[in-house]
Amino acid sequence: QVLLVESGGGSVQAGGSLRLSCAASGRTFSDAAMGWFRQAPGKEREFVAGIDRSGSTFYSDSVKGRFTISRDNTKKTVSLQMNSLKPDDSAVYYCAKTPRTAFFASIAYLSRQASYEAWGQGTQVTVSS
């Protein structure tokens, strides 16, 4: 069974930065793709960023150029560096893990919630203007 635990959320002013981390337990990590999603109050959960087994990264248009996803297979962690934060970035952020997957993944696969088999409990990010 996979357990994902996010950390690093908090409150920041617009223009500031935060770094989210997600630690995974269980045997498999390097053979899976990882993703970050977010959900704001009254809105559906949406894709933010994904990284496949090769290390290729994918982003939603709303965060491209501001956020960076990375992974450390040795430590079984995935991180999301968030810069130039905006009030619209305020949400609960979730990390997610796919089952064993192909070495190269597409954004179509990574952006689909149904592609993931495990989810963290979420961490709150609040950006004030």
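Each chain has its residues counted from 1, following the order in which its sequence is written. Per-residue local features of the predicted model are confined to residues with pLDDT of at least 70, and side-chain atom pairs are confined, for both listing and counting, to 80 or more; whole-chain, interface and lining totals are unaffected and use all residues. To obtain the side-chain values, all non-hydrogen atoms of the structure were used and water was disregarded.

Caption draft 1: Structural detail: the sheet that holds strand β8 (residues 77-82). In this analysis, strands are considered paired if DSSP registers two or more bridges between them. For the purposes of this entry, the term helix denotes a DSSP run of H or I that reaches at least four residues, the term strand denotes a run of E that reaches at least two, and both are numbered from the N terminus. With antiparallel pairing, four strands are arranged side by side in an open sheet as β1-β3-β8-β7. Strands with a single pairing partner mark the edges of an open sheet, and in this sheet they are β1 (3-7) and β7 (67-72). Adjacent strand axes in the sheet meet at a mean angle of 15° when their direction is disregarded. Judged from the five bridges that link them, β1 and strand β3 (residues 18-25) form a sheet pairing that is antiparallel. For S7, the partnering residue across the bridge sits in β3 and is S21. For helices, the fitted axis covers only the stretch in contact; all axes are lines through C-alpha atoms, and the angles between them, taken along N-to-C directions, range from 0 to 180 degrees.

Caption draft 2: Spotlight on the nonpolar core. Put simply, buried Ala, Val, Leu, Ile, Met, Phe, Trp, Tyr and Cys residues joined by side-chain atoms within 4.5 Å make one nonpolar core. Note on exposure labels: buried denotes an accessible area under 20% of the residue type's maximum, exposed denotes more than 50%, and partly exposed covers the range between, all computed with a 1.4 Å probe on protein chains only. In terms of nonpolar packing, the biggest core is built from 27 residues, with W36, L80, M82 and Y93 touching the most fellow members. Taken together, the elements giving at least two residues each to this core come down to β3, β4 (32-39), β5 (46-51), β7, β8, β9 (91-100) and β11 (123-128). If you tally residues by element for this core, the top one is β3, at four residues. Beyond its immediate stretch of four places on either side in the chain, Y93 contacts E6, L20, W36, F37, R38, V48, F67, L80, M82, G122, T123 and V125. Listed in part, the eight residues of the second largest apolar core include F47, F58, A105 and Y116. Residues are treated as being in contact if the distance between any of their heavy atoms lies within 4.5 Å.

Caption draft 3: Quick look at the state of the cysteines. The criterion for a disulfide is a pair of cysteine sulfur atoms lying within 2.5 Å. Here the structure, examined in full by the defined rule, presents one disulfide. Covalently, C22 is tied to C95 through a disulfide, its sulfur atoms 1.9 Å apart. One disulfide, between C22 and C95, carries an S-S torsion of 40° and so falls in the right-handed class. With C22 in strand β3 and C95 in strand β9, this residue pair connects regions lying 73 residues apart in the sequence. For the pair C22 and C95, a shared accessibility class is recorded, and that class is buried.

Caption draft 4: Structural context of the pairing of β9. Within β9, seven of the ten residues are buried, which leaves the element mostly enclosed by the surrounding structure. Of the strand pairs in this sheet, β9 and β11 are connected by three bridges, and their pairing is antiparallel. In the sheet register, V92 faces β11, and the bridge partner there is Q124. Sheet topology note: the β9/strand β10 (residues 118-119) ladder contains two bridges and is antiparallel. Bridge assignment links A96 to a residue of β10, and that residue is W119.

Caption draft 5: Representation of the pattern of salt bridges in the model. The rule for a salt bridge is simple: a side-chain nitrogen of Lys or Arg has to be within 4 Å of a carboxyl oxygen of Asp or Glu. Applying the stated criterion to the full structure yields six salt bridges. Of the charged contacts in the structure, one is a salt bridge between R38 and E46, with a shortest N-O distance of 2.7 Å. What makes E46 partly exposed here is its relative accessible area of 36%. Measuring nitrogen to oxygen at the nearest pair gives 2.9 Å for the salt bridge that ties R38 to D89. Of this pair, R38 sits in strand β4 while D89 sits in the loop between β8 and β9; the two residues are 51 residues apart in sequence, bridging distant segments of the chain. On the basis of relative accessible area, R38 is assigned to the buried category, the value being 5%. Its relative accessible area of 1% is what places D89 among the buried residues. By sharing partners, the salt bridges in this structure join R38, E46, R66 and D89 into a single network.

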